[in-house]
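Survey of secondary and tertiary structure
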Amino acid sequence: MSKVPIIFSGITKNDRSAAYKYILEELGGEKLLRKPSLRDLTVTGIVFHVLGLPGLFRYTSIAKLTYKVYKKRRSLTEKYVEFVREAEKKGIKEVYFNFGLVELYHARRDAALLRLIEGAYEATPQLLLQLYIIAVHTQYNTSWFTYLSVLVSFMSIVFSMTSYIYEQRLAAYDKANMSIFHSVINIVIKLFMSISRITSFVLAATYSSFLVIGIVIGHWLSCLIYLFCIDTHFYGGFLWTESFFKIICSFTLVITYMNIIDGDSVIRWVGYHSFVFLQNIAMLLLWYANNHTDLLRIDWFSVLMLCLVIGGMVMGSLLSVIYYRYYIPIRKI
């Protein structure tokens, strides 16, 4: 049976250093808290990645870790299980180290990141292409299956964005977990932001596909330069893995915001969304000028596009401010 930790329901901030010391010395937490590195690669992991099956490898690992946690919890006394449940409700994450939850939540976070990257590299281009074909080839009758595919692709992108935030906070030692309420708010925020971003790209593509490629490359290079200018430690200081991950993250930032480093992210959040908002406005104006000989004559479709691009960004930003000001989950101990 796992030893009952020194933490309890009445833990204070001053007790946290003692709890942290307990994690490092008694539970082997030093290994769990360190950054991932090349030393973590196994032969099985390498084979799965070489075969192009990293997703299957991640979810297999999660299943194994889930079963491990289940077995470990069954070996505990009912009194200790009750203690753990109460501690989890109060947000005392130190109990995670007692029966393997740290490894499980880290694996889930990595899988969520993989879904986010898949959404940026596969689902989003597929969605843009589908919407572009629908917008340009209006003479053809579009089947209901195409619209269903568009809806599924769009919701999968929004889900990947929200689940990454959820799993990131769940795995973070110093962050409070998100409830269903917080998750719903984040889904709505990402919904508005994604509608604005994707609509802008589709409108720009009807004007010039090279324009979209140029904006994507320009945004990617800007984010890449920024990431190389700041001090990040994704993979324990390995230069080539760190650099490669920055390249991956930079492209993901074309679609959605990611908090790359710890600390206050307000300035980074405002800077990123201001940059995206200017891009969206520029793409909307170019489309409008190209499709209207009389710029002062506004039809209903132009009003709809205006609402989707500008309204989506404004609503998403407004809800984000309200969420981060009043509703973001905070650890109270």
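Going by the structure above, here's the rest.
Presented here is a report on the structure given in the accompanying data block. All values derive from a computational prediction rather than experimental measurement. (Residues numbered from 1 in each chain as written. Predicted model: local features only at pLDDT ≥ 70, side-chain atom pairs only at ≥ 80, totals over all residues. Heavy atoms only, no water.)

Before going further, it helps to spend a moment on the pattern of salt bridges. Counting across every chain of the model gives two salt bridges. A salt bridge links Glu167 to Arg108; its shortest N-O distance comes to 3.0 Å. With Glu167 in helix α7 (residues 144-171) and Arg108 in helix α6 (residues 101-136), the pair connects residues that are 59 residues apart, well separated along the chain. Judged by its relative accessible area of 8%, Glu167 is buried. The exposure class of Arg108 is partly exposed, given its relative accessible area of 24%. Among the ionic pairs, Arg109 bridges to Asp110, the shortest N-O distance being 3.7 Å. A relative accessible area of 24% means that Arg109 is categorised as partly exposed. (Salt bridge = Lys/Arg side-chain N within 4 Å of Asp/Glu carboxyl O. Helix = DSSP H or I, 4+ residues; strand = E, 2+ residues; numbered from the N terminus. Buried < 20%, exposed > 50% of the residue type's maximum accessible area, 1.4 Å probe, protein only.)

At a closest axis distance of 9 Å, the pairing of α6 and helix α8 (residues 180-207) adopts a crossing angle of 50°. Taken as axis vectors, α6 and α8 run oblique relative to one another. With respect to the hand of their crossing, α6 and α8 are arranged in right-handed fashion. Residue-level contacts link Leu127, Leu128, Leu131, Tyr132, Ala135 and Val136 of α6 to Ile198, Phe201, Val202, Ala205 and Thr206 of α8. Considered class by class, the residues forming the contact of α6 with α8 number ten nonpolar, one polar and no charged. (Axes fitted to C-alpha atoms, helices over the stretch in contact; angles between N-to-C directions. Parallel < 35°, antiparallel > 145°, perpendicular 65-115°, else oblique. Left-handed = near helix turned anticlockwise from the far one by under 90°. Contact = heavy atoms within 4.5 Å. Nonpolar A, V, L, I, M, F, W, Y, C, P; charged D, E, K, R; others polar.)

Here helix α11 (residues 266-291) contains 26 residues, and its C-alpha end-to-end distance of 37 Å stays within 8% of the 38 Å for a straight helix at 1.5 Å per residue. Of all the residues in α11, the buried ones are Arg268, Trp269, Tyr272, His273, Val276, Gln279, Asn280, Met283, Leu284, Trp287 and Tyr288. In the core, the buried residues of α11 are packed alongside α8, α9 (209-229) and α12 (300-327). (Expected span 1.5 Å × (residues − 1).)

What follows covers the environment of Ala112. Checked against the element boundaries, Ala112 lands in helix α6. Along the primary structure Ala112 and Tyr164 are separated by 52 residues, whereas in three dimensions their C-alpha atoms are 4.9 Å apart. Every residue in contact with Ala112, bar those within four places of it in the chain, is listed here: Ser163, Tyr164 and Glu167.

A word on a nonpolar patch on the surface. Judged by side-chain polarity, Trp144, Phe145, Leu148, Leu151, Val152 and Met155 come together as a nonpolar surface patch covering roughly 660 Å² of accessible area. Within the element layout of this structure, Phe145 appears in helix α7. According to the relative accessible area criterion, Phe145 is exposed, its value standing at 54%. (Patch = residues over 30% accessible without salt bridge, like charges linked within 9 Å, V, L, I, M, F, W, Y side chains within 5 Å. Areas by Shrake-Rupley, 256 points an atom, 1.4 Å probe, with all protein chains shown as cover.)

Nonpolar side chains tend toward joint burial in soluble globular proteins. With 46 residues, the main nonpolar core has Phe201 and Met258 as its most contacted residues. Mapped onto this core, the elements with two or more residues apiece are α6, α7, α8, α9, α10 (239-252), α11 and α12. For this core, the leading source of residues is α6, giving nine residues. Residues Leu101, Tyr105, Ala107 and Leu170 belong to the second largest nonpolar core, which totals ten residues. (Core = buried A, V, L, I, M, F, W, Y, C linked by side-chain atoms within 4.5 Å.)

Remember that the coordinates give geometry; whether it matters functionally is a separate question.
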